[in-house]
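Descriptive structure summary
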Amino acid sequence: MKTLASIFDGPLTRFIEPVSQNELNQRLTMGKATGVAVICCAEMCYVNSLFPADPKLPIFTWQNLGGCVNDSGGLEDLIAEKKISDVIVLGHYGCEIIEVGLRSDPRSEAPAEKIYQEVARRTSPTKEAMKERFGDKFDKHIFNRAVEDFVLRELASLLKLPAVYNAAEGGRLRAHAWINRDDTMENACYDPKTRTFWVLPDDYKH
Ligand SMILES: [Zn+2]
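The structure contained in this document is the topic of the report that follows. A quick note: this is a predicted structure, and the numbers were derived from the prediction, not measured. (Residues numbered from 1 in each chain as written. Predicted model: local features only at pLDDT ≥ 70, side-chain atom pairs only at ≥ 80, totals over all residues.)

**Some thoughts on the packing of helix 3 (residues 96-103) against helix 6 (residues 140-159)**
Under the convention used in this document: Between the N-to-C directions of two axes lies an angle of 0 to 180 degrees, each axis being a line fitted to C-alpha atoms and, for a helix, fitted only over the stretch in contact. We count a stretch as a helix when DSSP gives it H or I for four or more residues in a row; a strand needs E for two or more, and each element gets its number in order from the N terminus. Roughly parallel here means an angle under 35 degrees, roughly antiparallel means over 145, roughly perpendicular means 65 to 115, and every remaining angle is called oblique. Any residue pair is listed as a contact if its two C-beta atoms, each placed from the backbone, are within 7 Å.
Orientation of helix 3 relative to helix 6, taken along the N-to-C sense of each, is 95°, at an axis distance of 11 Å. Between helix 3 and helix 6, the angle falls in the class roughly perpendicular. Taking contact as the criterion, the partners of I98, E99 and L102 in helix 3 are, on helix 6, F143, A146, V147 and F150.

Next comes the structure, spelled out in structure tokens:
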């Protein structure tokens, strides 16, 4: 059975650092993180509350339908200019945009589905992976696995962009995959060692 890790088996895995929200925020306030880029879904209206409130901190946020990395204009330039030390692809469990994407047909011309065409196109590898792992079953558990799969695929495609790859390879850029739980506001982060998303101890709120 294919697992999450198969997305990252290979050289890109070494660029992923599991970091807690607390630790990253400390790095930001202490000036150790010189620029943080966050790519997330437009539904996450609370995204600013995950980071320190100081408006002078170098946090750059891109929000779009589902948190697709291809819609993050200017990010590559900032990375090439060495202004970003950390990039986070930040998903959220229960993402309705990803759910719509998984359920729609990327070729559909129906106006109601048209705005989701790009999301449907980008979620189609996730749709296939879920089918391979779970068959035709689709429940809340599988949906959470789909969000994880999608976030990792987006991060993998970001890391393949030349400016991003070079910065990561040169040790100037760390990549993180996080998924926020809307109910507890905890961040689960992808850990290449355990090959799962989990809430690191210093972010654990219960
Ligand atoms: Zn969403």
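Following the structure, the description resumes.
**Details of helix 5 (residues 117-134)**
For clarity, the cut-off: The length a helix should cover is 1.5 Å for every residue beyond the first. Given a residue, its bend is the angle between the two axes fitted to the seven residues that end at it and to the seven that start from it. Between the buried cut of 20 or more and the exposed cut of 12 or fewer other C-beta atoms within 10 Å of a residue's own C-beta lies the partly exposed class, and all C-beta atoms are placed from the backbone.
Between the first and last C-alpha of helix 5 there are 24 Å, a value that for 18 residues agrees with the 26 Å anticipated at 1.5 Å per step. Along its length, helix 5 shows its largest kink, about 45°, at T123, and proline P125 lies within four residues downstream of that point. Restricting attention to buried positions, one finds in helix 5 the residues V119, A120, R122, T123, T126, A129 and M130. Two residues or fewer after helix 5 comes G135, characterised by a positive phi angle close to 70°.

**Comments concerning the pairing of strand 3 (residues 86-92)**
This is how it is decided: A pair of strands counts as paired when DSSP detects no fewer than two bridges linking them.
Counted residue by residue, strand 3 has seven buried out of seven residues, so it is predominantly covered. A two-sided burial pattern is seen for strand 3, the buried positions comprising D86, I88, L90 and H92 on one face and V87, V89 and G91 on the other. The pairing of strand 1 (residues 36-41) with strand 3 spans five bridges and is parallel. From the neighbouring strand, A37 faces strand 3, where its bridge partner is V87. Across seven bridges, strand 3 lies against strand 4 (residues 174-180) in parallel orientation. Bridge pairing in strand 4 links V89 to A177.

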